[in-house]
Structure formats: structure tokens, C-alpha cells
Amino acid sequence: MCDDCGCGDTRIVPLELHERLLAGNDRTAAHNREHLRSHGVVAINLMGSPGAGKTALLEATARNFKGRERLAAITGDLETERDADRVRAAGIRAGAITTGSACHLDAEMVHHALHGDFVHDADYLFIENVGNLVCPAIYDLGQQASVVALSVTEGEDKPLKYPVMFRNADLVVVTKIDLLPALPEYDLAALEQALAAVMPVPRVLYVSAKTGRGIDSWMSWMQRLRSPQPLETGATMPG
Ligand SMILES: Nc1nc2c(ncn2[C@@H]2O[C@H](COP(=O)(O)OP(=O)(O)OP(=O)(O)O)[C@@H](O)[C@H]2O)c(=O)[nH]1
Ligand SMILES: [Zn+2]
Ligand SMILES: [Zn+2]
Ligand SMILES: [Zn+2]
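Quick summary incoming for the structure in this document. Note that the structure is a prediction, hence the values are computed from the model and not measured. (Residues numbered from 1 in each chain as written. Chains lettered and ligands numbered in written order. Predicted model: local features only at pLDDT ≥ 70, side-chain atom pairs only at ≥ 80, totals over all residues. Heavy atoms only, no water.)

## Brief notes about the coordination of the zinc ion (ligand 4)
Here the zinc ion (ligand 4) is held by the protein donor atoms H31 (NE2), H111 (NE2) and H115 (NE2), which lie 2.1 to 2.4 Å from it. All donor residues of the zinc ion (ligand 4) come from one chain, and their arrangement in sequence is H-x79-H-x3-H. In this structure H115 comes out as partly exposed when scored by relative accessible area, which is 48%. (Donors = N, O, S within 2.8 Å, 3.2 Å for Na, K, Ca; no water. Buried < 20%, exposed > 50% of the residue type's maximum accessible area, 1.4 Å probe, protein only.)

## Quick word on the environment of A137
Mapped onto the secondary structure, A137 falls in the loop between strand 4 (124-128) and strand 5 (145-151). Sequence separation of A137 and E154 is 17 residues, and the distance between their C-alpha atoms is 18 Å. A137 has contacts with M47, V164, M165 and N168, leaving out every residue within four places of it along the chain. (Helix = DSSP H or I, 4+ residues; strand = E, 2+ residues; numbered from the N terminus. Contact = heavy atoms within 4.5 Å.)

## Some words on the site of ligand 1
Contacts to ligand 1 come from 18 residues, most closely from K54, T55, A56, R86 and D178. Residue R86 places a side-chain N or O atom 2.8 Å away from an oxygen atom belonging to ligand 1. Between D178 and ligand 1, the recorded distance is 2.7 Å, taken from a side-chain N or O atom to a nitrogen atom. The element best represented in the shell around ligand 1 is helix 2 (residues 54-65), accounting for three residues. Classifying every residue of the shell around ligand 1 by side-chain character gives five nonpolar, six polar and seven charged. (Near = heavy atom within 4 Å. Polar contact = N/O pair within 3.5 Å; in protein donor to acceptor, adjacent residues only side chain to side chain. Nonpolar A, V, L, I, M, F, W, Y, C, P; charged D, E, K, R; others polar.)

## Observations regarding the coordination of the zinc ion (ligand 2)
Within the protein, the zinc ion (ligand 2) binds to T55 (OG1), D83 (OD) and E128 (OE); these donor distances fall in the range 2.0 to 2.1 Å. Site description for the zinc ion (ligand 2): donor spacing in sequence, T-x27-D-x44-E. Linking D83 in helix 3 (residues 82-89) with E128 in strand 4, this pair joins segments that are 45 residues apart in sequence. Relative accessible area serves as the criterion here: at 11%, D83 is assigned to the buried category.

## Focus on the packing of helix 2 against helix 8 (residues 215-224)
Contact pair helix 2 / helix 8: the axes reach a minimum separation of 10 Å and the direction vectors enclose 85°. Of the possible angle classes, the one that applies to helix 2 and helix 8 is roughly perpendicular. Between helix 2 and helix 8, the residues in contact are L57, A60, T61, N64 and F65 and I215, W218, M219, M222 and Q223, respectively. Tallied by class, residues from the contact of helix 2 with helix 8 come to seven nonpolar, three polar and no charged. (Axes fitted to C-alpha atoms, helices over the stretch in contact; angles between N-to-C directions. Parallel < 35°, antiparallel > 145°, perpendicular 65-115°, else oblique.)

## Quick look at helix 4 (residues 107-114)
Along an α-helix, residues three or four positions apart point the same way, because every turn accommodates 3.6 residues. Residues A107, V110, H111, A113 and L114 constitute the buried set of helix 4. The arc that holds the buried residues of helix 4, viewed along the axis, is 165°, so those residues lie on one side. Against the buried residues of helix 4 lie helix 1 (15-38), strand 2 (71-77), strand 3 (93-98) and strand 4. Where helix 4 begins, one side-chain oxygen reaches toward the backbone nitrogen of E108, 3.1 Å away; that side chain belongs to D106. (Arc of directions from axis to C-beta.)

## Re the packing of aromatic side chains
As enumerated under the stated definition, the model contains two aromatic pairs in all. Ring centres 6.3 Å apart and planes at 15° place the aromatic pair F65 and Y124 in the stacked group. Taken together, the positions of F65 in helix 2 and Y124 in strand 4 put the pair 59 residues apart, joining distant regions of the chain. Pair check on accessibility: F65 and Y124 agree, each one buried. With a centroid separation of 6.0 Å and an interplanar angle of 10°, the aromatic rings of W218 and W221 are classed as stacked. Placement of both W218 and W221 in helix 8 is noted, with a separation of three residues, approximately one turn of the helix. The class for W221 is buried, based on a relative accessible area of 2%. Lying across the ring of Y124, R226 places its NZ or CZ 5.3 Å from the centre. (Phe/Tyr/Trp six-rings, centres within 6.5 Å; stacked < 30°, edge-to-face > 60°. Lys NZ or Arg CZ within 6 Å of the ring centre and 35° of its normal.)

## Focus on the environment of N25
Along the chain, N25 turns up in helix 1. For the pair N25 and V148, spaced 123 residues apart in the sequence, the C-alpha separation amounts to 21 Å. N25 has contacts with D106, A107, Y139 and D140, leaving out every residue within four places of it along the chain.

## Focus: the pattern of salt bridges
Inspection of the entire model under this criterion finds nine salt bridges. One salt bridge connects D140 with R33, and the closest N-O pair in it is separated by 2.8 Å. Here D140 is found in the loop between strand 4 and strand 5, whereas its partner R33 is found in helix 1, with 107 residues between them in sequence. Given a relative accessible area of 21%, D140 falls into the partly exposed group. Residue R33 is classed as partly exposed on the basis of its relative accessible area of 33%. (Salt bridge = Lys/Arg side-chain N within 4 Å of Asp/Glu carboxyl O.)

This is how it looks when you write it as C-alpha cells:
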């Protein structure tokens, strides 16, 4: 439970106060967006449940880009800098935000981190949000794209149960697909139906950070954020 958002409980944070907080957040997010745009940095807000494989996806991305793109990351967790340490070890310049009690990142926390020297000369900035499928969705951080990592072990019904997160996403990355043989009941068609029911423009990619399968499609998707061509819709299971 966090003191800012009260996680939507209006007995803890009254609605008017929450709306004022969000309006202030949006102003700071606009400032962050301008800051990133002026430095030519494409920022991706990477969200998902605890353990969905967000950090593993960043590690695999760094391994596959092999230094061809300059990658930076801001990692958010309630405590510890473990994720920042992990992505640094993979070659990503990184800073950590430890939020204490807050269960999401907000634009002010990211603004503070953006003035660190590791961000400005990056091609891509990953903002790994606190593991949580609820409140990170409503805090704009100034990102260019919102991505949700959803692991196959979480079940195919999560888009229906946490619709705000998926409705606001530009892309859903289904992670840990190397585990699918151990999950014979997992129904990919049901997942895609659930995503189609909540995402205005459903876009989904399937990856395994462990085997590297699908990481090339994810990198191509990232690179299209830098180009004027529209993003493709639909789902692509790697061959
Ligand atoms: N088999 C398999 N395991 C994976 C894969 N990606 C991540 N994992 C495992 O899943 C666990 C969680 O992965 P993380 O990358 O730490 O997940 P996260 O979303 O960053 O977690 P938080 O930051 O704590 O929310 C770890 O034990 C990883 O090794 C994958 O592609 N395949
Ligand atoms: Zn992580
Ligand atoms: Zn929160
Ligand atoms: Zn500033």
C-alpha cells in the first residue's frame, strides 16, 4: 500500500487529492518528455508483475544489441539496487530509484534520475517500473512507449483482470516462452482474445530471455520507435 495513491482506496487518499496529484504528475511527465526528446533519447516505461522477467528482458536486450545502441536504464524497486547492478553487469548504464513505500514510479522520481549524467547520450532509456500490475499504469513518466511484460506463468486471463495496465500499453511482451512445454494448459488463443478485448490496438511479442527466442523482434520493435513508420499490429510468435 502506498501513501501517494493509497492504491485507489479513496478512504486513504481522497479522490480530489488524488486527481491533483495526477495533474501535477502529468506536468512533470511533460517536462521529462521534452527533456528526453531534446536529447534524442527514446524512453520505454517497462511495467509488469513482480518477477515477470523485466530485468531479464533488459539483460537479454543488451546481450543482443552487443553495444550497437547506447542503452541506459532507471530501475525502480521498493528496496535494493539489485536490478541496477544486474543491468550494469550486462553493459547498460543504470541508476536505481528506491521508492521505500511507493508501489509505482512517478514523474518526479524519474525527473530526478534524468538529471544524472548516464541518461543524456543514450539512444534508449528503459524505465523499469516497480513490479505491480496496478498503479504504475496511471502515472505517466514522460516515456515514448509503455510496455508490459507478462510471463506465461501468470496465466492468460491477466489482461481481463488488470485492464487499465493493458489498455494503456503500446506493446505486451509475453515472457518466458521457453517454459511453455511445461504448461500444456496454457492457451495462447485465450491470451490473444483477452488482449484484443482490452487493448485499443493489440500488439504482442513472445520472447524468452533465457534462450533469446523472439528478442530480435523486440529489438526491431524498439528500433521502429525511432523511425516514422507506424508500428505493426497483431501478434508474432517467433519461428
Ligand atoms: N525460464 C525462464 N526464466 C526467466 C526468464 N526471464 C526471467 N526468468 C526468471 O524469472 C525470475 C524473475 O526474473 P526478473 O528478471 O528478476 O523479473 P523482474 O520482472 O525484473 O522482477 P522484479 O523487478 O522483482 O519485479 C528470475 O528467476 C529469472 O531467472 C525466461 O525467459 N525464461
Ligand atoms: Zn526487475
Ligand atoms: Zn501505487
Ligand atoms: Zn528538469
